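Structural description and commentary
Letter by letter, the chains look like this.
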Amino acid sequence: MRRAPHFASLALLCACCCAHAEVPPAIRGLHERLLVLDSHLDTPMHLARPGWDISQRHTYAEDLSQVDLPRMIEGGLDGGFFAIFTPQGPRTPEGRTQASEHGLAVITRIRDMVATRPDEFALATRAEDVLDIVASGRRVVLISMENAEPLAADPGRLATYHRLGLRMLGLVHAQNNDFADSATALPQWHGLSPAGRELVQAANRLGILIDVSHASDAVFDQVLALSRAPVIASHSGARAIGPHPRNLDDERLRQLAAKGGVVQVNSFASDLVPRPPNPERDKALAPLYREFRQAASLPPEQVADLARRIHDAEALHPLPSTSLDDFMRHLLHILEVVGPHHVGIGADWDGGGGVEGLRDVSQLPEISARLLAAGYSEEDLAAIWGGNLLRVMAQAARSL
Ligand SMILES: [Zn+2]
């Protein structure tokens, strides 16, 4: 999850209707038969909202959410990694304590969501659990961390998080932290810090997947060399298609695949397609995005009002459209470079992901339709939608 720049995609707030009508029933049926997982769901933020219930249907236009049980069922999404995202705060003792408390609050929120809806969701900590949960008719909740800052005060707490269900660890976010340099900041450590190297080794020992999305190229290279297990990029794109520093170049895509890893393709608009600077838009939206970051403490009617004001401001200062075609360009390029056994989907839902024609998880069959049209087989789709993610989870667990 990234905040302000992610919500550039709100330009297309109301563009989500009708698209799934284009998906033929046969493709929808195939999509529903497949194990479909997403490796980066920022939905825990919505779980904190007063009155927001994941069991009920919501709309992106009304409350900016993209994932809930009815839409998961409609889109055939069996589950995924729910992220403990922590905005990078000041790297002071107080800042680290705050991050630590935030991380524990979010993992508690995720576990509570599962515990209070045992007929709808179940926590998975092993690849085998995922299949059992899907067979039981429930949705799969895996837990990941985006930004390891909650561990900065006491990296030994990684073992506690593991006991609570954490199975994927993203080292860093949009700014550098005590463990690693970000792809979107000037280098401080020139890769991993000494504490970052120890954290990677500790994650390996616990069987936690290391996630290199948001990490700098140097961090990517060092993690790949250091990790005993395959590595994942939980929500990233192709730099050959969109030259954002968050995206991976072809050589690094090949290196990730050669180590058995997987890159999960992101749908975050400004990472997919470079956008020209628009200072007037930034000025109009900055205070609204600040308000949005407080959404967890707003009642539903205020969230709806905020969604309308954001939509109005975006309509007043429009950006070039970013669509499912742009997402598919990244996905198809990465498939060409590394093949279907090293690619998945991590669309950054509820974290700023989503483009025109792919606005929430109910529209996921659109991706399946495009992949089949591009010549990929049902077997390929099975690997892309879930098989590859299960494989790297199992490999990380085996490499203890
Ligand atoms: Zn992110």
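Residues numbered from 1 in each chain as written. Predicted model: local features only at pLDDT ≥ 70, side-chain atom pairs only at ≥ 80, totals over all residues. Heavy atoms only, no water.

Turning our eyes to something else, we now look at the overall build of the protein chain. When you go through the protein chain residue by residue, the secondary structure sums to 16 helices and 9 strands. Against the globule reference of 21 Å for 400 residues, the protein chain gives a C-alpha radius of gyration of 19 Å, in line with a compact fold. For the C-alpha atoms alone, the extent of the protein chain along its principal axes is close to 50 × 45 × 45 Å. Within the protein chain, residue pairs in contact and separated by at least 24 positions form 74% of the contacts whose partners lie at least 6 positions apart. Here the protein chain displays about 14,700 Å² of accessible surface, and carbon together with sulfur accounts for 55% of that area. Charge centroids of the protein chain, computed over 38 positive and 49 negative side chains, lie 4 Å from each other. (Helix = DSSP H or I, 4+ residues; strand = E, 2+ residues; numbered from the N terminus. Rg over C-alpha atoms; globule rule 2.2 N^0.38 Å. Contact = heavy atoms within 4.5 Å. Areas by Shrake-Rupley, 256 points an atom, 1.4 Å probe, with all protein chains shown as cover. Lys, Arg positive; Asp, Glu negative; His and termini not counted. Charge placed at Lys NZ, Arg CZ, Asp CG, Glu CD.)

A word on the coordination of the zinc ion. The coordination sphere of the zinc ion, as far as protein atoms go, consists of Glu146 (OE), His214 (NE2) and His235 (NE2), spread over 2.2 Å. In primary sequence terms, the donor set of the zinc ion follows E-x67-H-x20-H. You can see Glu146 sitting in strand S4 (residues 139-146) and its partner His214 sitting in the loop between strand S6 (209-211) and helix H9 (217-226), a full 68 residues away along the chain. Overall, the relative accessible area of 3% leaves Glu146 in the buried class. (Donors = N, O, S within 2.8 Å, 3.2 Å for Na, K, Ca; no water. Buried < 20%, exposed > 50% of the residue type's maximum accessible area, 1.4 Å probe, protein only.)

Take Ala148: it is sitting in the loop between S4 and helix H7 (158-164). Ala148 sits 127 residues away from Arg275 along the chain, and the two C-alpha atoms are 29 Å apart.

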